[in-house]
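Observations on chain architecture
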Amino acid sequence: MAKTKTKRAANPPAGMFWSRLSLKTRVTATSVIALAAVLAVFVLGTVAFFRNDIQRGTEKTLIEAAEVLAETDPITIRERFIAGDIALPALPSDYYIAFLDPDGEVFLGLVSSAIGDRPVPNLSEFKLLNVIALKGKPFTADIAKGSNDRPQEWRLVALPLKNLSGSVVVAIPTTYEQTILNQYRAIGFGFSTILLVIIAAALWLSVNAALKPLREVTTAADAVREGKLDSRLPPIEGNTEIAIINRSLNEMLDSVETSLAERNRTVNRMKEFVADASHELRTPLVTLRGYAELYRKGAFKTKAEVNNAMAKIEAEAMRMSSLVESLLALARLDNQVALVKAKTDLNKLINSVVENIRAGYPDVSISFKNLSGKTKAEKIEWNVDEAGITQVVTNLVSNARIFAGEKPIEITAGIKNEELVIEVIDHGQGIPKQLRRKVFERFYRSDNSRNRDAGGSGLGLAIAKEIVEAHGGKIVADETKGGGATFRITLPR
């Protein structure tokens with residue numbers, strides 16, 4: 001049976017591991033590592049400085065002692081040491097002084113009592129010629145007494161004797177120097193470690209506090225994802241990066257909430273629009289189908305009955321055609337089709353609308369005046385979409401014709417407070433105050449103002465409102481003195 005080899009999961013790259021760490025951990029770790037590197041350089045630099053300083057002091061002591069001893073007679077040196085008759089610099093307690101013959105053999109050695117049983121340097125290579133070649137410069141060497149002795153580092157100075165043939169060597173082991181430097185190094189790294197721990201804890205707490213707003217961002221995002229669109233971040237004063245992010249995110253959440261609310265309103269409006277449009281279209285279609293079915297079954301016996309049915313079918317078809325055109329106009333307005341504005345003669349535009357209405361309904365009394373009530377209106381030129389404003393005035397006059405009965409209709413136009421004002425006034429039933437805003441809603445009808453029998457579809461005023469607002473203007477319904485309704489349009493320059 002063949003053995004199946006199991007694949008071992010590859011270790012993630014170091015970069016991937018680092019990227020998986022939290023921002024708090026990465027910031028703290030990076031700062032601590034950088035600070036540790038700085039402290040290490042500082043400690044090592046300080047130790048190096050102390051080493052050079054100690055070494056310079058040791059070398060100066062060795063040179064001064066060697067120069068004094070080079071001029072001293074080795075035979076009397078011991079007695080002079082005992083008598084205190086020789087002035088040497090302050091040597092460390094573990095010094096070693098040796099007088100050598102020209103062949104490098106020690107014929108007199110002075111050992112500090114502090115050395116005890118420790119080995120002394122092996123100076124067999126210090127022949128006079130070699131000492132002369134050294135030129136009195138200090139140097140460091142690992143030398144021991146015998147070949148089997150453990151090497152020990154010494155700092156030495158060798159000088160030729162002035163009065164005899166031979167040389168003198170002054171040596172100090174570097175053990176003391178290394179001990180001091182090790183102590184400096186241990187103290188430096190010890191304090192650095194304590195400092196790093198304190199700073200790491202402070203950094204961790206500081207970064208944790210600084211990143212708290214980011215956790216609040218996560219909390220707000222989770223709340224928004226769960227449908228709580230009113231969730232906001234706590235405001236932060238100032239112009240810090242976190243404060244700017246908070247303000248920007250709150251503005252974004254406001255925009256998202258507004259957009260979603262607008263979308264929901266649009267969807268609901270569209271549903272209502274489709275339902276109302278379906279209802280409005282269903283009525284003429286039912287009428288058409290009914291008359292067609294009666295005709296098919298032979299219910300109409302005389303020519304007059306057939307003509308009457310055809311007239312009703314024609315009327316319903318025209319009403320349905322008007323409704324479809326109104327729906328298409330509203331669809332275009334909803335899609336925010338750009339207006340084609342141009343300087344337009346408003347007097348000519350309104351007179352053209354009046355003539356068209358009179359041509360279709362010669363019994364309707366329509367007058368056109370200025371805002372002061374004079375029959376001859378002054379010339380008005382305004383930057384508007386001519387087709388759109390024509391439709392607005394036509395819809396308002398047609399609406400007034402339907403509900404004014406036999407009473408006259410008045411149109412006034414003029415400029416007031418740097419705005420174009422157009423009013424369509426009738427003296428019919430009027431509109432109750434509580435319904436004056438609702439009449440501009442799509443498919444809205446009230447019993448005392450508009451109804452299907454009068455021929456209205458409930459879209460004319462809605463279309464007028466959309467066109468006026470597309471111009472940046474306003475349209476309102478008001479009461480006419482003595483009874484009736486006044487529709488007032490104001491357009492900014």
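Right, let's walk through the structure included here. (Residues numbered from 1 in each chain as written. Predicted model: local features only at pLDDT ≥ 70, side-chain atom pairs only at ≥ 80, totals over all residues. Heavy atoms only, no water.)

1. Some remarks on the overall build of the protein chain
Going by this rule: Helix and strand definitions here come from DSSP, where helices need a minimum of 4 consecutive H or I residues and strands a minimum of 2 consecutive E residues; each element is numbered from the N-terminal end. Categorising residues by exposure relies on relative accessible area from a 1.4 Å probe, with only protein chains included: less than 20% of the type maximum marks a residue as buried, more than 50% marks it as exposed, and the intermediate range marks it as partly exposed. Contact between two residues is taken to exist if any of their heavy atoms lie within 4.5 Å; hydrogens are not considered.
Along the protein chain, the regular secondary structure elements total 11 helices and 12 strands. For the protein chain, the proportion of its 493 residues judged to be buried stands at 33%. For the protein chain, contacts bridging at least 24 residues in sequence account for 61% of all contacts bridging at least 6.

2. Observations regarding the packing of aromatic side chains
Two numbers describe a pair of aromatic rings. These are the distance of the centres and the angle of the planes. So the rule is basically this: For Phe, Tyr and Trp, rings pair up if their centres lie within 6.5 Å, where Trp contributes its six-membered ring, and each pair is then called stacked (planes under 30 degrees apart), edge-to-face (over 60) or tilted (otherwise).
Counted under the stated rule, the structure contains 6 aromatic pairs. When the centroid spacing of 6.4 Å and the interplanar angle of 40° are considered together, the rings of F99 and F107 count as tilted. The class for F99 is buried, based on a relative accessible area of 0%. The exposure class of F107 is partly exposed, given its relative accessible area of 44%. With a centroid separation of 6.0 Å and 85° between ring planes, the pair formed by F440 and F487 is classed as edge-to-face. One end of the pair, F440, is in the loop between β10 (419–425) and α11 (460–470); the other, F487, is in strand β12 (residues 485–492), and 47 residues separate them in sequence.

3. Remarks on the sheet that holds strand β9 (residues 409–416)
Worth spelling out the cut-off: Each pair of strands is called paired provided DSSP finds at least two bridges between the two strands. To obtain an axis, a line is fitted to C-alpha atoms, over the contacting stretch when the element is a helix, and the angle between two such axes runs from 0 to 180 degrees between their N-to-C directions.
Across the sheet, 5 strands lie side by side as β7-β9-β10-β12-β11; this open sheet has mixed pairing. With partners counted over all chains shown, the strands left at the sheet margins are β7 (366–370) and β11 (474–479), one partner each. The sheet shows a mean angle of 15° between the axes of neighbouring strands, taken without regard to direction. Pairing of β10 with β12, which is carried by 7 bridges, proceeds in the antiparallel orientation. Paired with V421 across the strands is T490, a residue of β12. Here α11 sits on the sheet in contact with β11 and β12, set at roughly 135° to β11.

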